Amino acid sequence: MTSRTEFSVVAEGLTKSFGDKKALEGLDLAVRRGTVCGLLGPNGAGKTTSVRILATLLRADGGRAEVAGFDVRREPRKVRRRIGMTGQAAAVDEILSARQNLRMFARLFHLDRATARRRAEELLESFSLREAADQQVKTFSGGMRRRLDLAASMILAPEVLFLDEPTTGLDPRGRAEVWEAVRGLAAVGTTVLLTTHYLDEADKLSDRIVLIDHGRRITEDTPAALKRAVGGDRLEVVLSDPADLPLAVKAVARVTRGVGPETDEERLSVHGPVTDGVTALTDVARALQEAGASVDDIGLRRPTLDEVFLRMTGKENA
Amino acid sequence: MNAAPIAIDAEGPERRAYWALIDCGTIVRRDLTHLVKQPSLIAWQLGFPIVSVLLFVYVFGSAMDVGEGLDYKDFAMPGMFAMTMAFGFMNTAMGVVIEKERGVIDRFRSMPMAPSAVVAGRGVSDVLQAGVDLAVMASIALVIGWRSDGSLPETLTAFALLLWLRFALIWVGVWIGLVTPNQEAAGNLFAVAFPFGMVSSVFTPPSLMPDWLGAIAMWNPVSSTANAIRELFGNPLPTGGSWVEENAMLLAFAWPLALTLVFLPLAVRRYQRLAR
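Residues numbered from 1 in each chain as written. Chains lettered and ligands numbered in written order. Predicted model: local features only at pLDDT ≥ 70, side-chain atom pairs only at ≥ 80, totals over all residues. Heavy atoms only, no water.

As annotated in an unreviewed UniProt entry, chain B carries the name Transport permease protein and comes from Streptomyces radicis. Under the UniProt heading Sequence similarities (unreviewed entry), the note attached to chain B is "Belongs to the ABC-2 integral membrane protein family." (UniProt positions renumbered as here; feature names shortened; annotations may be inferred.)

As recorded in an unreviewed UniProt entry, chain A goes by the name ABC-type xenobiotic transporter, listed as coming from Streptomyces radicis. Turning to chain A, the UniProt annotation filed under Subcellular location (unreviewed entry) states: "Cell membrane". According to the UniProt record, the Sequence similarities (unreviewed entry) comment for chain A is "Belongs to the ABC transporter superfamily. Drug exporter-1 (DrugE1) (TC 3.A.1.105) family."

What follows is the structure in structure tokens.
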């Protein structure tokens, strides 16, 4: 077992079936204290099931899990006092105001009346909801609702925060608001485990990404390392005249060190892997200019997590 | 972001019981706030029984003959009270489905609050709301000329029996709410509720129905409550003289007890099975 002071979330060999359908088939997971871990995977990979087991909402069939140092199965109450959970739906009361919501949840977290009031005010402030504090939640935008949802999860300043697809269904502005809130929580040392099917979200927020598929961990690393694993930067030249293709292939081949450049005749593009991107870019640009090739565009392409995803799971991200 | 540690109450067994009560109170308070913020909810809910009163008493009433020299209004009003209680299980079920769908129940389950409070709080607020419903209905009944001829204790016992039926149906409602997949499906509950409320002694004596239907209507728990309170209110009680009708008072107590004994454990089990 990994040290419980070092890791806030530890899962070993979790299994879970729903009828004939196997959701988890031996999932291992370890999230270092105070970091943000992105759980990424195609639909049906077991992301939500994992989070629900760790948040004590669902019982695993096999394996074990510890959250904040307590076994989720044997001591769910202790776990519940140390976690915050934000599910896929913004689970706040539509009819109450933001302030009433936070006071109610604070009371249900067993704060005394005065502390509950104080805590509600602090959270309204931290999540920029003070202005709208007395409005009914049903008048809120998606982003505000999510922020209130997050605020409600933060009442006890939990050690671990679970976020299940926190920005699904939000517009870009709402997503930005939620990202900012999550970064703020991470900055004060909250361990965050988030699931998402937005690769850019996992890329932007996570310290580490765990890629899961078919209920198992496929790989785990930092976003940068995962992208590197798929291949480094690629140099791409886009031409405006098909006649220049052989010229471009020759120029790009000089900087790819033996790996033959790939040609996309439809887009008139030639691209290949490079190690020292900037030098390669200037070399190729000069060579093409000297040869008088008709270059439409030339640039470095960084691999995205989409490519990591595709490479590792063999399928498009849903 | 304030991450200062927050003092939480210690967690002994005796504190646990205390917090279970407080949690229940917090949920009830929330439900009552809902009512205050949306008084139209009560209006909608009472819409059907009120329209029924007007329809049956004034539109069909003249054609209804429940017995020699008996006023249909006096027969129908207690029935209407019982029917309103019977239909109440739909509100409970709908409330549970909405909370389940919105993820509110999941949020509660991920919190250190007493699990019992989610269901108990709902029960307490539903009974309180049923009390409001009954008060409104009884006022309307008084306006259109219905009277209780029973003594004060008898009248109060009648209302207590009505709330007792409503209490039993909370567990039916919670159970249905937990097994119903979504709000759309819950909307179809009316197809179940309607015959449950109507195939009874609410609007017509079962003795006037075809034999098989009359038997079902007689054994309907709603009929027992309706007949028992008619007896207590001193309102007309035309029966076919069968055992079940003669013992309405006993059954008005026993039926809800039986429903509670069956559906309370079912609802609790279903709630626990959310973790499966």
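Enquirer: Break down the overall build of chain A for me, with residues and values.
Expert: In terms of helices and strands, chain A carries 11 helices and 14 strands. In terms of overall dimensions, chain A has a C-alpha envelope of 80 × 45 × 35 Å along the principal axes. For chain A, the share of sequence-separated contacts (at least 6 apart) that also reach a separation of at least 24 residues comes to 68%. A total of about 13,800 Å² of accessible surface is found on chain A, and carbon and sulfur atoms cover 47% of it. Of note, chain A has its 48 positive side-chain charges centred 9 Å away from the centre of its 47 negative side-chain charges. (Helix = DSSP H or I, 4+ residues; strand = E, 2+ residues; numbered from the N terminus. Contact = heavy atoms within 4.5 Å. Areas by Shrake-Rupley, 256 points an atom, 1.4 Å probe, with all protein chains shown as cover. Lys, Arg positive; Asp, Glu negative; His and termini not counted. Charge placed at Lys NZ, Arg CZ, Asp CG, Glu CD.)

Enquirer: Can you lay out the interface of chain B and chain A for me, pointing to particular residues and giving the numbers?
Expert: Taken together, the contact between chain B and chain A spans 37 residues of the former and 49 residues of the latter. For the pair chain B and chain A, the two sides together bury roughly 3,900 Å², of which 59% comes from carbon and sulfur. Scanning the region where chain B abuts chain A turns up two salt bridges. The partner of Arg107(B) in a salt bridge is Asp149(A), with the nearest N and O atoms 2.6 Å apart. The tally of links between chain B and chain A comes to 11 residue pairs in polar contact (both at pLDDT 80 or more). If you list the elements that add at least two residues to the side of chain B that touches chain A, you get α1 (13-37) and α4 (104-109) of chain B. Considering each element in turn, the side of chain B that touches chain A owes the most residues, 11 residues, to α1(B). For the side of chain B that touches chain A, the per-class residue count stands at 17 nonpolar, seven polar and 13 charged. (Buried area = accessible area lost by both parts, 1.4 Å probe. Salt bridge = Lys/Arg side-chain N within 4 Å of Asp/Glu carboxyl O. Polar contact = N/O pair within 3.5 Å; in protein donor to acceptor, adjacent residues only side chain to side chain. Nonpolar A, V, L, I, M, F, W, Y, C, P; charged D, E, K, R; others polar.)

Enquirer: Got a sec to walk through the side chain of Thr196(A)? Specific residues and values, please.
Expert: Residue and element names in this part refer to chain A. Within the element layout of this structure, Thr-196 appears in strand β8 (residues 191-196). Of the residues examined, Thr-196 reaches a relative accessible area of 0% and is grouped as buried. Reaching out from Thr-196, the side chain makes a polar contact with the side chain of Glu-201 at a distance of 3.0 Å. Leave out the neighbours within four places in its chain, and Thr-196 touches Leu-39, Leu-40, Gly-41, Lys-47, Glu-165, Glu-201 and Ala-202. (Buried < 20%, exposed > 50% of the residue type's maximum accessible area, 1.4 Å probe, protein only.)

Enquirer: Can you tell me about the sheet that holds strand β12 (residues 262-264) of chain A, naming the residues and giving the values?
Expert: Sheet strands associate in pairs through backbone hydrogen bonding, adopting either a parallel or an antiparallel arrangement. All names here are of chain A. Read across the open sheet, the four strands follow the order β12-β13-β11-β14; overall the sheet is antiparallel. Whereas interior strands pair on both sides, the edge strands pair on one side only; in this sheet they are β12 and β14 (295-301). Between one strand axis and the next, the sheet turns through 15° on average, direction left out of account. Against the sheet, helix α9 (residues 245-255) makes contact with β11 (234-239), β12 and β13 (269-273), and its axis sits at roughly 10° relative to β13, the strand it touches most. Contacting β11 and β14, helix α10 (residues 277-291) runs over the sheet at an angle of about 165° to β14. (Pairing = 2+ DSSP bridges. Axes fitted to C-alpha atoms, helices over the stretch in contact; angles between N-to-C directions.)

Enquirer: Describe the pattern of salt bridges, listing the residues and the values that go with them.
Expert: In total, this model carries 33 salt bridges over all chains according to the counting rule given. We note a salt bridge from Glu121(A) to Arg103(A), for which the minimum N-O separation is 3.8 Å. Taken together, the positions of Glu121(A) in helix α4 (residues 113-126) and Arg103(A) in helix α3 (residues 98-108) put the pair 18 residues apart, joining distant regions of the chain. The class of Arg103(A) is partly exposed, set by a relative accessible area of 26%. Asp126(B) is paired through a salt bridge with Arg166(B); the nearest N and O atoms lie 3.6 Å apart. With Asp126(B) in helix α5 (residues 115-143) and Arg166(B) in helix α6 (residues 152-179), this pair connects stretches of sequence that are 40 residues apart. Like Asp126(B), the residue Arg166(B) is buried in the burial classification. Each of Arg99(A), Arg103(A), Glu121(A), Glu125(A), Arg130(A) and Asp134(A) takes part in salt bridges that share partners, so that together they form one network.

Enquirer: Report on the environment of Met90(B), specifying residues and quantitative values.
Expert: All names here are of chain B. Its place among the elements puts Met-90 in helix α3 (residues 72-101). The spacing of Met-90 and Gly-177 is 87 residues in sequence and 8.6 Å in space, taken between C-alpha atoms. With near-sequence residues (within four places) excluded, Met-90 lies in contact with Leu-189, Phe-190 and Ala-193.

Enquirer: An account of the packing of aromatic side chains is needed here, citing residue identities and associated values.
Expert: For the coordinates displayed, the defined rule picks out 16 aromatic pairs over all chains. On the numbers, 5.7 Å between centres and 45° between planes, the contact of Phe87(B) with Phe190(B) is tilted. One end of the pair, Phe87(B), is in helix α3; the other, Phe190(B), is in helix α8 (residues 190-198), with 103 residues separating them in the sequence. Phe87(B) sits in the buried class, given a relative accessible area of 8%. Ring geometry for Phe159(B) against Phe233(B): centres 5.6 Å apart, planes inclined by 65°, an arrangement best described as edge-to-face. One end of the pair, Phe159(B), is in helix α6; the other, Phe233(B), is in helix α10 (residues 221-233), and 74 residues separate them in sequence. Judged on exposure class, the residue Phe159(B) and its partner Phe233(B) are both buried. These aromatic residues form a ring-pair network of at least three members: Phe81(B), Trp146(B), Phe159(B) and Phe233(B). One residue, Arg175(A), lies across the ring of Tyr198(A), its end atom 4.1 Å from the ring centre. The cationic tip of Arg107(B) hangs over the ring face of Phe105(A); the distance from NZ or CZ to the ring centre is 5.2 Å. (Phe/Tyr/Trp six-rings, centres within 6.5 Å; stacked < 30°, edge-to-face > 60°. Lys NZ or Arg CZ within 6 Å of the ring centre and 35° of its normal.)

Enquirer: How would you explain the packing of α3(A) against α4(A) if you had to name every residue and give the values?
Expert: Residues and elements named next belong to chain A. Two elements in contact, α3 and α4, have axes whose closest approach is 8 Å; the angle formed by their N-to-C orientations is 130°. By the angle class used here, α3 and α4 are oblique. The way α3 lies across α4 gives a crossing that is right-handed. When α3 is examined against α4, the residues Ala-98, Arg-99, Leu-102, Arg-103, Ala-106 and Arg-107 are found in contact with a partner set consisting of Arg-113, Ala-116, Arg-117, Ala-120, Glu-121, Leu-123 and Leu-124. Considered class by class, the residues forming the contact of α3 with α4 number seven nonpolar, no polar and six charged. (Parallel < 35°, antiparallel > 145°, perpendicular 65-115°, else oblique. Left-handed = near helix turned anticlockwise from the far one by under 90°.)

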